[in-house]
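Fold and geometry: a report
One-letter residues, chain by chain:
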Amino acid sequence: MHSSAVNIAGHTSTAPERTFDVAVVGAGVVGCAIARSFAIRGWRTVVVEKEADILEGASKGNSALLHTGFDEPPLSHELVMIKAGYSIYRRIHGRMNLPLVETRALVVAWDREDLGKLDGIAAHSRANGVEASRMEQTGLRRREPNLSDGALGAVEIPGEAVIDPWSAPLGYIRQALLHGAELLLGAAVTGLSRGASLWRIETSKGSLAARLVVNAAGLFGDRVEALAGRRPRFTVRPRKGQFVVYDKPAHDLVNAIILRVPTERTKGILLTRTVFGNLLLGPTADDQDDRIHAPCEEAVLRRIIAEGEAMLPALTGQAITATFAGLRPATEHRDYVLVTDAARGWITIGGIRSTGLSASLGLGEWAAEQGGMLLGEARRAPADDDLDWPQMPAISQAAPRPYQQPSRSPIVCHCEWVTEQEIREALDGPVPAGTAGGLKRRTRTGMGRCQGFGCSGAIARLAPDLAAVRLEPAA
Ligand SMILES: Cc1cc2nc3c(=O)[nH]c(=O)nc-3n(C[C@H](O)[C@H](O)[C@H](O)COP(=O)(O)OP(=O)(O)OC[C@H]3O[C@@H](n4cnc5c(N)ncnc54)[C@H](O)[C@@H]3O)c2cc1C
């Protein structure tokens, strides 16, 4: 195993002759998990990310659910990867100090047609190896007394849970770094050419070489395929999902994740607690061409708020903390696009649309197992006890927070109770916040009810470079 020395090359240029076993393109949740799986096996690994921080693409905003795969198509890559990712997360989250809130989920029927589908949903779930049971209206009322009378029955999925969508991938990349990986930030891959046995990777920060490339470029996955001169197997069609975040008093209005009976196109609007003590409503599912910008639309938000209030009348009048939208890297395919090319030393992890947070650790293991064979040596992951584990800061409600300690440093963000020490650690830590959004995701500062009105002055003093970047809304 490598020492715990950490290599960050984000602010330097890369010497042309540097050669790695594997280069992962993209530091979304999927790229971070893939880097972890390669690095813990001892492969010389580099992650190349175009933005100034990790999680600036699709992984920036999602529902934060740890899915079981209960409703995925049988035999799909997506089901296999979700199930693998789910069980690895459950196994390792405690070692990294990552939260897991075991809320369970209820797929609720709101009309007779939905009601008729519940037995099928439960049977499908069990066929996928996921525990599920029918709940009649009386039981549902007892479990979720605040749902409207329109809730006619449900299927309960006990394994569905809620996690922190930002600390988890940060933990994965930090573990990769502890095992010798490097992270190049602000380094857009601009060219890819294959020599006899190596890829030459041109980036906006210089070039490097790698025996194997893993394309985990999310919303730009098809563009990275094209850069490498590969036959296009998919085209990304971003699918926007808009959310409403309710303030902390709304958190206890539901117990479980409240799902709708899914349609062909979408899993529909859901209601869920967040690990940060809010209540989340959304997301929508609308195709768009823009791969970067995801503005919220007032009419759409009003529609989902009305839908939320119809399901949960007590939502009416609850304060809204924020609205935000995320982009799913959807493609023309229903399933993930997973391709290995042994001849050219290439792995495609494409179209990881609406379940990548749950599937990422499974995708990482799959990529590292396939990659080992492509690199000529199938290496097993060391036992968990033999790995180095980063300790992630306690920013969720699941554990005591630094502000609760008697000797805490001054509080900077009074809505989310973030201390100055936490901000400093996020700015100076092993993967320092590279954007204002990244600082928010690491600490919760600016994420509370005032959305940064109260803390932005202090943040400007502590992080003048980041504060110059617009503070964007997020959950
Ligand atoms: C509304 C919504 C709700 C969701 N809810 C859930 C949920 O509850 N549970 C769940 O499991 N999943 C959920 N998801 C899905 C999950 O968020 C995605 O599957 C996941 O974030 C995809 O991650 P990724 O790493 O593949 O892509 P990305 O996060 O887009 O990462 C790709 C990275 O590649 C970088 N990149 C691109 N091109 C280049 C280049 N040329 N050079 C260098 N870097 C490059 C990008 O900057 C980016 O950082 C949801 C998604 C959305 C949008």
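What counts, and at which threshold
- Residues numbered from 1 in each chain as written.
- Predicted model: local features only at pLDDT ≥ 70, side-chain atom pairs only at ≥ 80, totals over all residues.
- Heavy atoms only, no water.
- Near = heavy atom within 4 Å.
- Polar contact = N/O pair within 3.5 Å; in protein donor to acceptor, adjacent residues only side chain to side chain.
- Areas by Shrake-Rupley, 256 points an atom, 1.4 Å probe, with all protein chains shown as cover.
- Helix = DSSP H or I, 4+ residues; strand = E, 2+ residues; numbered from the N terminus.
- Domains from an automatic or database assignment.
- Salt bridge = Lys/Arg side-chain N within 4 Å of Asp/Glu carboxyl O.
- Buried < 20%, exposed > 50% of the residue type's maximum accessible area, 1.4 Å probe, protein only.
- Core = buried A, V, L, I, M, F, W, Y, C linked by side-chain atoms within 4.5 Å.
- Contact = heavy atoms within 4.5 Å.

Around the ligand lies a shell of 41 residues, among which Glu49, Ser59, Val189, Ile352 and Ser358 are the nearest. Contact distances for the ligand include 3.1 Å between an oxygen atom and a side-chain N or O atom of Asn62. Within the contact set of the ligand, an oxygen atom lies 2.9 Å away from a backbone nitrogen or oxygen of Gly356. Look at the ligand: alone it shows 1,000 Å² of surface, and the protein chains cover 97% of it. For the shell around the ligand, the elements supplying multiple residues, two or more each, are α1 (29-40), β13 (239-246), β18 (320-328) and α8 (356-374). Of the residues that make up the shell around the ligand, three or more belong to each of domain 1 (7-61 + 166-235 + 333-386) and domain 2 (103-162 + 237-328).

Let us look at the pattern of salt bridges. All told, the structure shown has 35 salt bridges when counted by the stated rule. Arg18 is the partner of Glu182 in a salt bridge, and the nearest nitrogen-oxygen pair spans 2.5 Å. Within this pair, whereas Glu182 is found in strand β9 (residues 182-184), its partner Arg18 is found in the loop between β1 (7-8) and β2 (19-25), the two being separated by 164 residues in sequence. You can call Glu182 buried: its relative accessible area is 11%. Its relative accessible area of 29% is what places Arg18 among the partly exposed residues. With a shortest N-O distance of 3.4 Å, Arg334 and Glu72 are connected by a salt bridge. With Arg334 in the loop between β18 and β19 (337-341) and Glu72 in the loop between β4 (65-66) and α2 (77-92), the pair connects residues that are 262 residues apart, well separated along the chain. Residues joined by salt bridges that share partners form a network here, namely Glu72, Glu78, Arg334 and Arg353.

On to the nonpolar core, then. Ranked by internal contacts, the top residues of the largest apolar core, which has 81 residues, are Phe38, Tyr172 and Ile349. Among the elements that line this core, the one with the most residues is α1, at nine residues. Summarising the domain contributions, this core has at least three residues from each of domain 1 (7-61 + 166-235 + 333-386) and domain 2 (103-162 + 237-328). Aside from chain neighbours lying at most four places away, what touches Tyr172 is Val29, Cys32, Ala33, Arg36, Tyr89, Met96, Leu98, Ser360 and Leu361.

Here Arg239 is to be found in strand β13. What makes Arg239 buried here is its relative accessible area of 14%. Reaching out from Arg239, the side chain makes a polar contact with the side chain of Asp287 at a distance of 2.8 Å.

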